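Next come the chains, spelled out residue by residue.
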Amino acid sequence: MRAARIDKPHSVKVVDVDEPPTGSSDILVKVKACGVCGTDIHIYEGKVKMAKFPIIPGHEFSGVIVDAGSEASKYFSIGDQVVIDPNLSCGHCIFCRAGRKHLCPDLFPIGVKADGGFAEYVRAPAQLAYKMPGRISFEEAALAEPLSCCLHGWKLASPALGFKVAILGAGPIGLLHLQLAKIYGASLIIVSEPMELRRKVAEKLGADVVIDPIKDDLVKVTKDATSGLGVDVVVEAVGGARHVEEALKIVGSGGKILIFGVASEEDLAAIKPYDVYRREITILGSFINPYSMDAAISLIASRRVDVKGLISHVISLDEVEKALKKTLKDAVKIIVRP
């Protein structure tokens, strides 16, 4: 089968490799669509320590089952259309037993530790597969994984109805957060994004205030829009210390900052502990997608969340390196069709 494999940082090759064998509890999925995620770019750049080369990345994927092991065939049949939750946990540690499987120290994500969806076929444990509703496309289904991660973040933030929110970054993740903010009952949505195309998409999806942080003063705009109080929730969807520091300047007293963007492991942000204490600011981390795939699939199928409108490019395996180099013009969400 053909696959886009990263052998070392900044080096992607489209290669012919053997189809992965199917164990008794596994399914073999013919990949129909796989999203390009920021994590894939970080792997390409050599910034993900848990990724071991060579690796076939791609963890946001959907497809058709072409083989199922003896145990897996009790639940799935050849021809089933499925979307995969890529995160396999051990099932035995204290976190798995406490319903916090995403914190498992032996987490084994497809596309990071195991070969993923930038390939014609992927082996996956059947327990990670979800049947697709017939009314959604493979491209839409591939976005269930990032949407499920965003849903986990909103569960943690748990805002009160009528809250005010600022979203830093209008990439695919920020635009999903925007739509979920509306569903959760936001009365004001501010979006900060330097790319003009993404700002236009944010406006189309219903953001109340959209700014270019290069030209506009985020703090002033936020204070003006909130009578000087700041917002109730800040979603940091870029990744990096300076964006966390920005969030601290615009969050209101009693507010929450959801750190969702993936920063470098060496990044350090300056925080005034007294300010956090005195204003009762809550800083939350949100990591992957425990128990939220079903909800994500339902929201896509019901059209309550528009993922199709986020897809700007559909590419082949031969164009994967362009996507990972971020050289595709006007990109929002890129989908690979192996």
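Residues numbered from 1 in each chain as written. Predicted model: local features only at pLDDT ≥ 70, side-chain atom pairs only at ≥ 80, totals over all residues. Heavy atoms only, no water.

Caption draft 1: Here's a closer look at the overall build of the protein. For the protein, the count of helices and strands is 11 helices and 17 strands. Across its three principal axes, the protein shows a C-alpha extent of roughly 60 × 45 × 40 Å. The burial tally for the protein puts 53% of its 338 residues in the buried class. Put simply, of all contacts in the protein between residues at least 6 apart along the chain, 68% involve residues at least 24 apart. Seen as two clouds, the 42 positive and the 41 negative side-chain charges of the protein have centres 2 Å apart. (Helix = DSSP H or I, 4+ residues; strand = E, 2+ residues; numbered from the N terminus. Buried < 20%, exposed > 50% of the residue type's maximum accessible area, 1.4 Å probe, protein only. Contact = heavy atoms within 4.5 Å. Lys, Arg positive; Asp, Glu negative; His and termini not counted. Charge placed at Lys NZ, Arg CZ, Asp CG, Glu CD.)

Caption draft 2: Quick look at helix 7 (residues 218–225). N-capping of helix 7 is provided by Asp217, with a side-chain oxygen placed 3.1 Å from the backbone N of Val219. Downstream of helix 7 by one or two residues, Ser227 has phi in the positive range, about 55°. (Polar contact = N/O pair within 3.5 Å; in protein donor to acceptor, adjacent residues only side chain to side chain.)

Caption draft 3: Fine view of the pairing of strand 11 (residues 188–192). With five of five residues buried, strand 11 is to be regarded as a mostly interior element. Alternating residues of strand 11 divide into Leu188, Ile190 and Ser192 and Ile189 and Val191, and every residue in both groups is buried. Following the chain from strand 10 (residues 164–168) across helix 5 (residues 172–183) to the adjacent parallel strand 11, one finds a crossover that is right-handed. Judged from the three bridges that link them, strand 11 and strand 12 (residues 209–211) form a sheet pairing that is parallel. Across the sheet, residue Val191 finds its bridge partner in strand 12, namely Val210. With helix 6 (residues 196–204) bridging strand 11 and the parallel strand 12, this β-α-β connection has right-handed handedness. (Right-handed = clockwise from strand over helix to strand, strands pointing away. Pairing = 2+ DSSP bridges.)

Caption draft 4: Representation of the packing of aromatic side chains within the structure. As enumerated under the stated definition, the model contains three aromatic pairs in all. Both rings, one in Trp154 and one in Phe163, keep their centres 5.6 Å apart while their planes meet at 50°; by these two values the pair is tilted. Take Trp154: its relative accessible area is 0%, and that puts it in the buried class. For the ring pair Trp154 and Tyr184, a centre distance of 5.5 Å and an interplane angle of 25° mean the geometry is stacked. (Phe/Tyr/Trp six-rings, centres within 6.5 Å; stacked < 30°, edge-to-face > 60°.)

Caption draft 5: The nonpolar core, seen in detail. Grouped together as the largest cluster of nonpolar side chains are 52 residues, with contacts concentrated most on Val165, Leu175, Leu178 and Val191. Those elements giving two or more residues to this core turn out to be helix 3 (138–141), helix 4 (144–157), strand 10, helix 5, strand 11, helix 6, strand 13 (231–236) and helix 10 (293–301). With seven residues, the top contributor of residues to this core is helix 4. Sequence-distant contacts of Val165, that is, excluding residues within four places in its chain, are made with Trp154, Ala181, Ala186, Leu188, Ile189, Ile190, Val231, Val233 and Val235. With 46 residues, the next largest nonpolar core counts Ile56, Ala72, Ile110 and Val122 among its residues. (Core = buried A, V, L, I, M, F, W, Y, C linked by side-chain atoms within 4.5 Å.)

Caption draft 6: Quick look at the side chain of Glu193. Note that Glu193 resides in the loop between strand 11 and helix 6. For the buried residue Glu193, which engages in no salt bridge, the nearest side chain bearing the opposite charge is Arg198, 4.6 Å off. Once residues lying within four places of it in the same chain are set aside, the contact partners of Glu193 are Gly169, Ala170, Gly171, Arg198, Arg199, Ile211, Asp212 and Pro213. (Salt bridge = Lys/Arg side-chain N within 4 Å of Asp/Glu carboxyl O.)

Caption draft 7: Seen up close, the environment of Arg2. In this structure, Arg2 sits in strand 1 (residues 2–8). Between the C-alpha atom of Arg2 and that of Glu120, which follows or precedes it by 118 residues, the distance is 5.9 Å. If near-sequence neighbours (up to four positions away) are discounted, Arg2 is found in contact with Val14, Val15, Asp16, Ala119, Glu120, Leu317 and Asp318. Within polar-contact distance, the side chain of Arg2 engages the side chain of Asp318 at 2.9 Å.

Caption draft 8: Inspection of the packing of helix 7 against helix 8 (residues 241–250) at higher detail. At a minimum axis separation of 9 Å, helix 7 and helix 8 run at an interaxial angle of 30°. The orientation of helix 7 with respect to helix 8, classified from their angle, is roughly parallel. As helix 7 packs across helix 8, the resulting crossing turns out to be right-handed. Where helix 7 abuts helix 8, its residues Leu218, Val219, Thr222 and Lys223 lie against Glu246, Lys249 and Ile250. In the contact of helix 7 with helix 8, the residues fall into three nonpolar, one polar and three charged. (Axes fitted to C-alpha atoms, helices over the stretch in contact; angles between N-to-C directions. Parallel < 35°, antiparallel > 145°, perpendicular 65-115°, else oblique. Left-handed = near helix turned anticlockwise from the far one by under 90°. Nonpolar A, V, L, I, M, F, W, Y, C, P; charged D, E, K, R; others polar.)

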